[in-house]
Amino acid sequence: MCLITMSYMYVCLCNAVTDRQITAAIGRGAQDVTDVVRELGVGTNCGTCLEYAQELIESHKQGTTVSQVDGSSAHYYPAP
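### A short note on helix H1 (residues 19–27)
Working step 1: Along H1, the positions that sit buried rather than exposed are Asp19, Ile22, Ala25 and Ile26. For H1, the arc enclosing every buried residue in end-on projection is 120°, short of the 170-degree limit, so these residues lie on one face.
Working step 2: Close packing links the buried residues of H1 with strand E1 (9–12), strand E2 (17–18), helix H2 (33–40) and helix H3 (50–62).
Working step 3: A positive phi of about 120° marks Gly29, the residue just after H1.

Below, the structure written as structure tokens:
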């Protein structure tokens with residue numbers, strides 16, 4: 001038996017928003033951080049996550065993964 005688990009990380013701890021939720025919002029048409037903020041509430045409390053949310057959007061536009069984006073200063077918290 002093969003068990004496949006899909007991991008995700010919290011991007012916005014204040015609002016419990018994961019990278020998968022942001023990626024899904026991008027897939028539904030979110031074009032920029034303002035769209036993601038409006039849809040998911042990312043960054044509406046402390047704002048620490050906005051830089052990483054922007055990196056997710058940019059990496060999606062460029063067809064790369066976030067792990068390929070250089071210079072990230074965001075803090076990543078694996079979700080349980």
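Still more ground to cover, so stick around.
### Section: the pairing of E1
Working step 1: The sheet contact formed by E1 and E2 spans 2 bridges and is antiparallel. Bridged to Tyr10 within E2 is Thr18.
Working step 2: Counting the residues that bridge the hairpin from E1 to E2 gives 4 residues, and of these Ala16 lies at a positive phi of roughly 55°.

### Structural notes on the nonpolar core
Working step 1: Core analysis: the biggest nonpolar cluster contains 15 residues, and Val11, Ile22, Val36 and Val42 have the highest contact counts within it.
Working step 2: Broken down by secondary-structure element, the contributors of at least two residues to this core are E1, H1, H2 and H3.
Working step 3: Discounting chain neighbours no more than four positions away, the residues touching Ile22 are Val11, Val17, Val36, Leu40, Val42, Ala53 and Leu56.

The rules we used
- Here the residue index of a chain counts from 1 through its sequence in written order.
- Under the rules for a predicted model, residues below a pLDDT of 70 receive no local features and side-chain atom pairs below 80 are neither given nor counted, while totals for whole chains, interfaces and linings still include all residues.
- Neither water nor hydrogens contribute to the side-chain values; these are computed over all heavy atoms in the structure.
- Partly exposed residues are those whose accessible area sits between 20% and 50% of the maximum for their type, while under 20% is buried and over 50% is exposed, using a 1.4 Å probe and protein chains only.
- What counts as a helix is a DSSP run of H or I of at least four residues, what counts as a strand is a run of E of at least two, and both are numbered from the N terminus.
- Note that the arc is defined by the directions from the helix axis to the C-beta atoms.
- Contacts are residue-level and defined by heavy atoms, with any inter-residue pair within 4.5 Å sufficient.
- The rule for pairing is simple: two strands pair if DSSP sees at least two bridges between them.
- Nonpolar cores are built from buried Ala, Val, Leu, Ile, Met, Phe, Trp, Tyr and Cys residues. Side-chain atoms within 4.5 Å join them into one set.

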